[in-house]
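Each chain, written out:
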Amino acid sequence: MLQEKTIAVIKATIPVLEVHGEAITRRFYERLFEAHPELLNVFNINNQRQGRQQAALANAVYAAAVHIEKLDAIIPVVKQIGAKHRSLGVLPEHYPIVGEHLLGAMRDVLQESATDEIIAAWAEAYGIIAQAFIDVEKEMYEEAVKQPGGWEGLRSFRIARRVKESDVIDSFYLEPLDQKPIASYQPGQYLTLQLKAPGVDYAQMRHYSLSDSPNKSYYRISVKREDERDATPGGLISRYIHSLAVGDTVEVAAPAGEFIIEENNHPLTLLSGGVGMTPFMSYLNTAAERLSNRSIVWIHAALNGDVHAFADESNQLAQRLANLTKRVVYERPTARDEQEKRFDAKGYITADVLREAGFRPDGLFYICGPESFMRAMYRLLTQLGVKEKNISFEFFGPASSIEAQ
Ligand code: HEM
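Below is a summary of the structure that appears in this document. Throughout, residues of each chain are indexed from 1 in the direction in which the sequence is written. Whole-chain, interface and lining totals are the exception, using all residues; otherwise, since this is a predicted model, local features are given only for residues with pLDDT of at least 70 and side-chain atom pairs are given and counted only at 80 or more. With hydrogens and water stripped out, all remaining heavy atoms of the structure feed into the side-chain values.

**Quick notes on the packing of aromatic side chains**
Now for step 1: Each aromatic pair joins two rings of Phe, Tyr and Trp (for Trp, the six-membered one) with centres within 6.5 Å, and gets the label stacked for planes under 30 degrees apart, edge-to-face for over 60, and tilted for any other angle. Under the definition given, this model contains 15 aromatic pairs.
Now for step 2: Both rings, one in phenylalanine 33 and one in phenylalanine 43, keep their centres 5.5 Å apart while their planes meet at 70°; by these two values the pair is edge-to-face. Of the two residues, phenylalanine 33 sits in helix α2 (residues 21–35) while phenylalanine 43 sits in the loop between α2 and α3 (45–49), which places them 10 residues apart along the sequence.
Now for step 3: Of the aromatic side chains, those joined through ring pairs into one cluster are Phe28, Tyr29, Phe33 and Phe43.
Now for step 4: Here, a charge over a ring is recorded when the distance from Lys NZ or Arg CZ to the ring centre is within 6 Å and its angle to the ring normal is within 35 degrees. Taking NZ or CZ as reference, lysine 84 lies 5.9 Å from the ring centre of tyrosine 190, over its face.
Now for step 5: For the cation-ring pair, arginine 161 lies above tyrosine 173, with the distance from its terminal atom to the ring centre recorded as 4.4 Å. Strands here are runs of E lasting at least two residues and helices are runs of H or I lasting at least four, both read from the DSSP assignment and numbered beginning at the N terminus.

Shown next, in the form of structure tokens:
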């Protein structure tokens, strides 16, 4: 336990660190990768470039420090990050390395303001926070290995099938090369692939939601190809995956993730934008297999029919699930979409769209899609009186605060 005095130092310095948070974490990564270039194989270069990871780690350390007296309060967040760490192969021995460079970066940026007392207090606090992560992750590693078909680290899988789901999304069916059983998972969880794309110096880890029901001989992931658009560069890794063919192999970490869509009797509303429908495909396929009669509203938003994945599979699910109300909203439908009546509403998901589909403010809500979509949906739901505790969401990319902005 930290001493009163140490806690006082931590609390007094948090505002200063927040102001310099970005500079500190930028310096932290410079130092980290200079001393340990092998860690470039673990971190996501896109997130680095966009400064997203910098913000995520800094925010998490400061947020944990605020709760330093009762870390139990943030265990759910530690678990969510821990699941990601586990899928990436973050190990206990990495924590002192990160700690050393985080403290070193504090000294570099704050210079003489970072007194020995301040650094010592943060070193102690970091040690406690790191231990909370190490403990949670230890359990997760043990669980991943213990369950039937589970494994530690990476396992080789072969692309057994590839299916085009829309102009930009393809599904990849992955089977283990060793042909042994594979671990089950819960709808909403993701798979982590390690990919070595040409033109990228280091291997890259990427998470993809599992898009089919569990307990099959394969895993299905559905990947959007991020093409180059205007000033935005395309996704190197997503384009690399789209260049792979049946028979190619990829390295895979066991399923993970805390965005779990539980099966119970609460009315459920699923709101997806674009490729954010993938975890819901897993849930709905699972519900259909269980002959679930749960009341489910699923509203999917897409630009138009050309990029609307799983349209046929979704229609089949709607037939199999007696109490599923499915709505499709196209932002800018094509002439063909209009002709074939491929959507239910035009524009965005609004309060009217929700109400028409049978909005139940007392139910459970899951949101998945691009960040701007999730912010808009979160705002809409809270404005309509949905309690925050009943809203779950999954960021594709480093988690940031959805309440912000
Ligand atoms: C992701 C916090 C230690 C490697 C993250 C995220 C947070 C975080 C908040 C984003 C989670 C998300 O995207 O959902 C922390 C804290 C740490 C810590 C508070 C120390 C107490 C470590 C260590 C390593 C590590 C020791 C390994 C060297 C990563 C990687 C990611 C990540 C590779 C994935 C994101 C990316 O590549 O962009 N961490 N972390 N972290 N963390 Fe940590």
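This is not the end of the story, as more comes after the structure.
**Considerations on the coordination of the iron atom of the ligand**
Around a metal, the perfect tetrahedron of four donors has angles of 109.5 degrees, and the perfect octahedron of six donors has angles of 90 or 180 degrees.
Now for step 1: We call an atom a donor if it is N, O or S and sits within 2.8 Å of the metal, or 3.2 Å for Na, K and Ca. Water is not counted, so some sites may look partial. Among protein residues, the single donor to the iron atom of the ligand is His85 (NE2), with a metal-donor distance of 2.1 Å.
Now for step 2: Structurally, histidine 85 is set in helix α5 (residues 75–88).

**Brief notes about the sheet that holds strand β8 (residues 296–302)**
Now for step 1: Ordered by their spatial adjacency, 6 strands build an open sheet running β10-β9-β8-β7-β11-β12, and the pairing between neighbours is parallel. The open sheet has two free edges, formed respectively by β10 (345–346) and β12 (391–394), since each of these has just one partner strand.
Now for step 2: Strand pairing is assigned whenever DSSP detects at least two bridges linking the two strands. Pairing of strand β9 (residues 324–330) with β10 involves 2 bridges; the strand directions are parallel. Opposite valine 329, over in β10, you have alanine 345 as the bridge partner.

**Notes on unusual backbone geometry**
The phi torsion of most residues other than glycine is negative, and most of the peptide bonds are trans.
Now for step 1: Here the phi dihedral of glutamine 111 falls at roughly 50°; this positive angle occurs in a residue that is not glycine.
Now for step 2: Take glutamine 111: it is sitting in the loop between α6 (94–110) and α7 (116–146).
Now for step 3: Taking the relative accessible area as the measure of exposure, glutamine 111 reaches 51% and is therefore exposed.
Now for step 4: In this structure, phenylalanine 310 takes a positive phi of about 60° despite not being glycine.
Now for step 5: Inspection of the secondary structure puts phenylalanine 310 in the loop between β8 and α10 (311–320).
Now for step 6: Burial classes follow relative accessibility: with a 1.4 Å probe on protein chains only, a residue under 20% of its type's maximum area counts as buried, one over 50% as exposed, and anything between as partly exposed. Classification of phenylalanine 310 by relative accessible area gives buried; the value is 3%.

**Description of the pairing of strand β1 (residues 154–164)**
Now for step 1: For β1 and strand β6 (residues 249–256), the ladder comprises 5 bridges, and the chain directions are antiparallel. Within β6, the residue paired with arginine 158 across the bridge is threonine 249.
Now for step 2: Looking at chain direction, β1 and strand β2 (residues 169–176) are connected through 7 bridges and run antiparallel. In the strand pairing of β2, phenylalanine 157 is matched with proline 176.
Now for step 3: Linking β1 back to β2 in an antiparallel pair, the connection comprises 4 residues.

**Some words on the nonpolar core**
Soluble globular proteins tend to pack their nonpolar side chains together in the buried interior.
Now for step 1: In this structure, Phe28, Leu32 and Trp122 are the most contacted members of the largest nonpolar core, which totals 51 residues.
Now for step 2: Put simply, the parts of the chain that give this core at least two residues each are α1 (4–19), α2, α4 (52–66), α5, α6 and α7.
Now for step 3: The element best represented in this core is α7, accounting for 13 residues.
Now for step 4: The next biggest cluster of nonpolar side chains, apart from the first, holds 26 residues, and it includes Phe172, Leu174, Leu210 and Ile221. In this text, buried Ala, Val, Leu, Ile, Met, Phe, Trp, Tyr and Cys residues form a nonpolar core when linked through side-chain atoms within 4.5 Å.

Interpretation in functional terms is not warranted from these geometric data alone.
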